[in-house]
Amino acid sequence: MSLRIGQGIDAHALVPGRPLVLGGVDIPHDKGLEGHSDGDVLLHAVASALLGALGEGDLGRHFPSSDASLEGIASGRILERVRDLMVERGYRVGNLDTTVIAQEPRLGPHVEALHASLATLLDTDARRINVKITSTDRLGAIGRGEGMAAQAVVLLERA
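Note that the structure is predicted; figures quoted are calculated from it, not measured.

Q: Describe the overall build of the protein, and please don't skip the residues or the numbers.
A: Looking only at helices and strands, one finds five helices and seven strands in the protein. In the protein, the succession of α and β elements from N to C terminus is β-β-β-β-α-α-α-β-α-β-α-β. In terms of overall dimensions, the protein is globule-like: its C-alpha atoms have a radius of gyration of 15 Å, near the 15 Å expected for 159 residues. The C-alpha extent of the protein, read off along each of the three principal axes, is 45 × 35 × 25 Å.

Q: Could you give an account of the packing of helix α1 (residues 41–54) against helix α3 (residues 75–88), naming the residues involved and the relevant values?
A: Viewed as axis vectors pointing N to C, α1 and α3 meet at an angle of 20 degrees, and their least axial separation amounts to 9 Å. The pairing of α1 with α3 is recorded here as roughly parallel in orientation. For α1 against α3, the interelement crossing comes out left-handed. Residues Leu43, His44, Val46, Ala47, Leu50, Leu51 and Leu54 of α1 touch α3, and the partners they reach there are Ser75, Gly76, Ile78, Leu79, Val82, Leu85 and Met86.

Q: Break down α1 for me, citing the residues and quoting the values.
A: For α1, with 14 residues, the first-to-last C-alpha span of 20 Å sits near the 20 Å given by 1.5 Å per residue. Most of α1 is tucked away: 13 of the 14 residues are buried. The N-terminus of α1 is capped by Asp40, whose side-chain oxygen sits 3.2 Å from the backbone nitrogen of Leu42. One or two positions beyond α1, positive phi appears at Gly55, with a value near 70 degrees.

Q: How would you sum up the side chain of Asp38? Please name residues and give values.
A: Position of Asp38 among the secondary structure elements: in the loop between β4 (31–33) and α1. Within the buried core, Asp38 has no salt-bridge partner, and the shortest N-O distance to an opposite charge, that of Arg18, equals 6.0 Å. Looking at Asp38, its side chain comes within polar contact range of the main-chain nitrogen of Asp40, at 3.1 Å. The contact partners of Asp38, leaving out residues within four places of it in the chain, are Arg18, Val21, Leu33, His44, Gly72, Ile73, Ala74 and Ser75.

Q: Outline the packing of α3 against helix α4 (residues 111–121), listing residues and values.
A: Relative to each other, α3 and α4 sit at 45 degrees, their axes nearing to 10 Å. Put simply, α3 runs oblique to α4. Along the contact surface, α3 presents Gly76, Leu79, Glu80 and Arg83, while α4 presents Leu118, Thr120 and Leu121.

Parameters at a glance
- Residues numbered from 1 in each chain as written.
- Predicted model: local features only at pLDDT ≥ 70, side-chain atom pairs only at ≥ 80, totals over all residues.
- Heavy atoms only, no water.
- Helix = DSSP H or I, 4+ residues; strand = E, 2+ residues; numbered from the N terminus.
- Rg over C-alpha atoms; globule rule 2.2 N^0.38 Å.
- Axes fitted to C-alpha atoms, helices over the stretch in contact; angles between N-to-C directions.
- Parallel < 35°, antiparallel > 145°, perpendicular 65-115°, else oblique.
- Left-handed = near helix turned anticlockwise from the far one by under 90°.
- Contact = heavy atoms within 4.5 Å.
- Expected span 1.5 Å × (residues − 1).
- Buried < 20%, exposed > 50% of the residue type's maximum accessible area, 1.4 Å probe, protein only.
- Polar contact = N/O pair within 3.5 Å; in protein donor to acceptor, adjacent residues only side chain to side chain.
- Lys, Arg positive; Asp, Glu negative; His and termini not counted.
- Salt bridge = Lys/Arg side-chain N within 4 Å of Asp/Glu carboxyl O.

What follows is the structure, encoded as structure tokens:
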């Protein structure tokens, strides 16, 4: 196949006492994302979308939370490993569209940094990547500031 499509989604609670890392970018906030790794929902959604496009299962298969050696791992390292698998299989990112769903903190000022980080981590032209931010207009757990979620859709093409 010359083209493959994958989608990914992730969500984590916001908790005190952890730094907020999103898209590989440190975001100033009084809470961070809970998780076995750094909890970066954007990079997890992107890695999941890539694995889906490759037909390689999910993040838990490749990076199980039962693996103590992965505790606290930077999600950028996870995404780099998945990117390397994509390259081994002979693919590259055709385009990537992402959405971060968060009520707080305000992420608009960080979109360019998120965009640049994804381009760097995926070793691709920034024009192949899109980052969108939305809220739930105060509906549900995300709207109450209890967590964040992210979605990603990727089109892979033969390199």
